[in-house]
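Chain and residue survey
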Amino acid sequence: MKILKPVFLFLLLVNGFNSFAQQGKVLEEQSLKSKILKRNVNYAVYLPPDYETANRTYPVVYLLHGYTDNHTGWLQFGEVNRYADKAISDGTIPPMIIVMPNADSSWYINSYDGKEKYEDFFIKEFMPYIEKALRIKAEKKYRGIAGLSMGGYGTLIYTLKHPDLFAAGAALSAAVFPDDQLVSTPDDTYEKIFAQLYGRGLKGRDRVNNAWQSNSVLNLVQTKTTDELKSVRYWIDCGDDDFLSKGNCLLHIALTEKNVPHEFRMRDGAHTWTYWRTGITNALQFIGDSFRQK
Amino acid sequence: MSTIKRGLLVCLLLISANVFAQTTGKVIEEQYIKSDILNHNVKYAVYLPADYETSNRTYPVVYLLHGYGDDHTGWLQFGEVNRYADKAIADGTIPPMIIVMPDGGTSFFINAYKDKLNYEDFFFKEFIPSIEKEYRIKGTKQYRGVAGLSMGGFGTLIYSLKHPDMFSAAAALSAAVRNDDDFMAIPDERWKDVYSKVFGPDLKGKERLNATWQANSILGLVQSKTTDDLKNVRYWIDCGDDDALSKGNSLLHIALTEKKVPHEFRIRDGAHNWTYWRTGITDALAFIGDSFRQK
């Protein structure tokens, strides 16, 4: 009889560890060979807690990093695995796979001179590869995309240009620039960050060229029809003290004037990880509403 | 033994009754002030904080302005501002304050075209002095805030922009802010019902951008004032993402940002309704309260 007590205690401890092990699995140093980019591209993956033990396919969110971050940013600074674990565990979001590719400083688009075709890589190589490598439900209904800053820009560009691919997009502090903001960017900043994307050595209004127009969030919203735009559900979130809040407000105004339903939030804060960590759960929840039908 | 026990129980009950009796403020709903400027009585309501009667102190004041179609009772009946203030004062979210709610009719709180109804003059020359004599109010800029919803949000911004020497903080909820284009685009029927008595009857297109509008356009005033003028008041601007006025409020945020005027801007989930204002009033009063008690 005396043996039973310690045995019970032992079993309790073992089971206790199991019930706390509701964590997803993070794979941080994955890579694939890209023919389009002619190099390996690193990516990280978050797999939900029951991925190994269940025999099911999952919805996916492509989560894009900001300028100067890489495929580990959302994990190291964003702690997205922790937020996803908690949200899945308490039912705030349905189980989902989160994929975080490294985009360097490509801004997720095809550069004006064709030297860096990141958008082609992402749509034609990366997505098909990922959706075969992992048990993902490969259809629009179960595909979401999200990101911060440069990744928010990527989120909006991809959903606006490929509305057939994604059900929902969540852009946090997205780098949305009205034409005049690009025009008035100091020359050294333009050369360092944007020249390789839209055209080198351009000053003033010369920067508002075709490469820019076809990759300007506000211009894309302007030129598309309400029906095209309504094809994707949008979550747009930016801090009131963020230098990008102007562009995000103009985006909200543009979508409203086109009668495109969307969610717009402006919270207390600036262009910081605090803002993104406190925003990612609601963003994933918004996307999750597409996955499990609100 | 049981007599002592009973006695103790009664004492306990009496004490707890007293503890619970100190937590609600006093609402006086049907006050009025005679106005020579407007040539009629103007009704107002007052919220006095819980310790007003029992303490001997003066208080900061918030002038809380209602929306189009409401009156001096709107913020109490629909906004339940007394309940939110009670709770916020009790848990320390806001310092004790007096809240005054005048009936603004359909005046948009400004002087109408051709001096037909000079509400703004009434408010500053008659109402504030009278109120601040009637109640134990501190009576200086530092301890004076203004807030409101919709038409009252418009009034809040107009007053703080035009009289920055009077208020330390302003909180505008779903304020009626429009740029020139949207003001011109108001449908004629709506213009007739709502705006004609304030800005002028039968005005179309550019005619609407008359002297009354120029003197009372929020975005125009921000444009024409200096950063130093504007920094004189702390601003809290809050509007729902599904509210049509979120456009004007966004443009206001952009304008203040470009002029480098620090301010708080919030866009939450919601539209032009009382749920939005009830869930927003505590934060708005807390923001103003930060001026009263020094953050």
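What you see is a predicted model; the values in this text were computed from it and never measured.

If you tally the helices and strands in chain A, you get twelve helices and eight strands. Taking 2.2 N^0.38 as the reference for a compact globule, 294 residues should give roughly 19 Å; the C-alpha atoms of chain A span a radius of gyration of 21 Å, in line with that estimate. If you line up chain A on its principal axes, its C-alpha atoms span 85 × 40 × 35 Å. Across the 294 residues in chain A, those meeting the buried criterion constitute 44%. Put simply, 73% of the contacts in chain A that link residues at least 6 apart link residues at least 24 apart.

Moving on, we come to the overall build of chain B. Within chain B one finds twelve helices and eight strands. The C-alpha atoms of chain B give 21 Å as radius of gyration, which agrees with the globular expectation for 295 residues (19 Å, within 12%). Once the C-alpha set of chain B is aligned to its principal axes, its extents read approximately 85 × 40 × 35 Å. Of all intrachain contacts in chain B linking residues separated by at least 6 positions in sequence, the fraction that spans at least 24 positions is 73%.

Glancing now at the interface of chain A and chain B. In this assembly, 13 residues from chain A lie in contact with 13 residues from chain B. Of all elements in the fold, only helix H11 (245-257) and strand E8 (263-267) of chain A reach the threshold of two or more residues within the side of chain A that touches chain B. Counting residues per element, the side of chain A that touches chain B draws most heavily on H11 of chain A, which supplies six residues. Here the side of chain A that touches chain B is composed, by residue class, of four nonpolar, three polar and six charged.

Right, let's talk about the packing of helix H3 (residues 80-89) of chain A against helix H12 (residues 273-291) of chain A for a bit. Residue and element names in this part refer to chain A. Two elements in contact, H3 and H12, have axes separated by 10 Å at closest approach and are oriented at 55 degrees. Of the possible angle classes, the one that applies to H3 and H12 is oblique. Pair H3 / H12 crosses with right-handed handedness. Contacts from Val-80, Tyr-83, Ala-84 and Ala-87 in H3 reach Ile-280, Thr-281, Leu-284 and Gln-285 in H12. Across the contact of H3 with H12, the residue classes break down as six nonpolar, two polar and no charged.

On to the pairing of strand E5 (residues 143-148) of chain A, then. Within a regular beta strand, the side chains point alternately toward one face of the sheet and then the other, so they alternate between its two faces. Residue and element names in this part refer to chain A. Counted residue by residue, E5 has six buried out of six residues, so it is predominantly covered. Residues of E5 alternate between two faces, with Arg-143, Ile-145 and Gly-147 on one and Gly-144, Ala-146 and Leu-148 on the opposite face, all of them buried. Pairing of strand E3 (residues 60-64) with E5 involves five bridges; the strand directions are parallel. Residue Leu-64 lies in a different strand from E5, and its bridge partner there is Gly-147. Pairing analysis gives five bridges linking E5 to strand E6 (residues 168-172), with the strands arranged parallel. Each bridged residue has a counterpart across the sheet, and for Leu-148 the counterpart in E6 is Leu-172. Tracing the backbone out of E5, into helix H5 (residues 150-161) and back to the parallel element E6 gives a crossover that is right-handed.

Here we take up the pairing of strand E3 (residues 61-65) of chain B. Residues and elements named next belong to chain B. Of all five residues making up E3, five are buried, and the element is well covered by its neighbours. Where burial is concerned, the two faces of E3 agree: the one with Val-61, Tyr-63 and Leu-65 and the one with Val-62 and Leu-64 are both buried. Here E3 runs beside strand E4 (residues 98-102); their pairing, made up of three bridges, is parallel. By the bridge assignment for E4, Val-62 is matched with Ile-99.

Next up on the list: the packing of helix H3 (residues 81-90) of chain B against helix H12 (residues 274-292) of chain B. All names here are of chain B. Relative to each other, H3 and H12 sit at 55 degrees, their axes nearing to 10 Å. When the interaxial angle is binned, H3 and H12 end up oblique. Taken as a pair, H3 and H12 cross one another with a handedness that is right-handed. Contacts between H3 and H12 pair Val-81, Tyr-84, Ala-85 and Ala-88 from the former with Ile-281, Thr-282, Leu-285 and Ala-286 from the latter. A class-by-class count of the residues in the contact of H3 with H12 yields seven nonpolar, one polar and no charged.

Here we take up the environment of Leu-202 of chain A. Residue and element names in this part refer to chain A. Along the chain, Leu-202 falls in the loop between helix H7 (187-198) and helix H8 (210-213). For Leu-202, a count of 21 C-beta atoms within 10 Å puts it in the buried group. Here the alpha-carbon distance between Leu-202 and Tyr-190, two residues twelve residues apart in the chain, equals 8.4 Å.

Residues and elements named next belong to chain B. A rise of 1.5 Å per residue sets the reference length of helix H7 (residues 188-199), with its twelve residues, at 16 Å; its end C-alpha atoms lie only 13 Å apart and thus fall more than 12% short of the reference. Taken together, the buried residues of H7 touch helix H8 (211-215). Residue Gly-200 follows H7 closely and has a positive phi angle near 135 degrees.

Turning our attention to the confidence of the model for chain B. In this model, chain B carries an average pLDDT of 95, and 97% of its residues clear a pLDDT of 70 or more. Per the prediction output, this complex has pTM 0.92; the corresponding ipTM is 0.90.

Looking now at the environment of Tyr-190 of chain A. All names here are of chain A. Relative to the helices and strands, Tyr-190 is located in helix H7. Classification of Tyr-190 as buried rests on a count of 21 C-beta atoms within 10 Å. The contact partners of Tyr-190, leaving out residues within four places of it in the chain, are Thr-185, Ala-195 and Arg-207.

This next bit is on helix H11 (residues 246-258) of chain B. Over its 13 residues, H11 of chain B extends 18 Å from the first C-alpha to the last, a length consistent with the 18 Å expected when each residue adds 1.5 Å. Burial analysis of H11 of chain B places ten of its 13 residues in the buried class, which makes it a mostly covered element. Taken as a whole, H11 of chain B has its buried residues at Ser-246, Lys-247, Gly-248, Asn-249, Ser-250, Leu-251, Leu-252, His-253, Ile-254 and Ala-255 of chain B. Residues of H11 of chain B that are buried make contact with H11 of chain A together with helix H6 (180-184), helix H9 (218-224), strand E7 (234-240) and strand E8 (264-268) of chain B. The positive-phi residue at the C-terminal boundary of H11 of chain B is Lys-260 of chain B, with phi of around 60 degrees.

So, how was this worked out
Residues numbered from 1 in each chain as written. Chains lettered and ligands numbered in written order. Predicted model: local features only at pLDDT ≥ 70, side-chain atom pairs only at ≥ 80, totals over all residues. Helix = DSSP H or I, 4+ residues; strand = E, 2+ residues; numbered from the N terminus. Rg over C-alpha atoms; globule rule 2.2 N^0.38 Å. Buried ≥ 20, exposed ≤ 12 C-beta atoms within 10 Å, placed from the backbone. Contact = placed C-beta atoms within 7 Å. Nonpolar A, V, L, I, M, F, W, Y, C, P; charged D, E, K, R; others polar. Axes fitted to C-alpha atoms, helices over the stretch in contact; angles between N-to-C directions. Parallel < 35°, antiparallel > 145°, perpendicular 65-115°, else oblique. Left-handed = near helix turned anticlockwise from the far one by under 90°. Pairing = 2+ DSSP bridges. Right-handed = clockwise from strand over helix to strand, strands pointing away. Expected span 1.5 Å × (residues − 1). pLDDT = per-residue confidence, 0-100.

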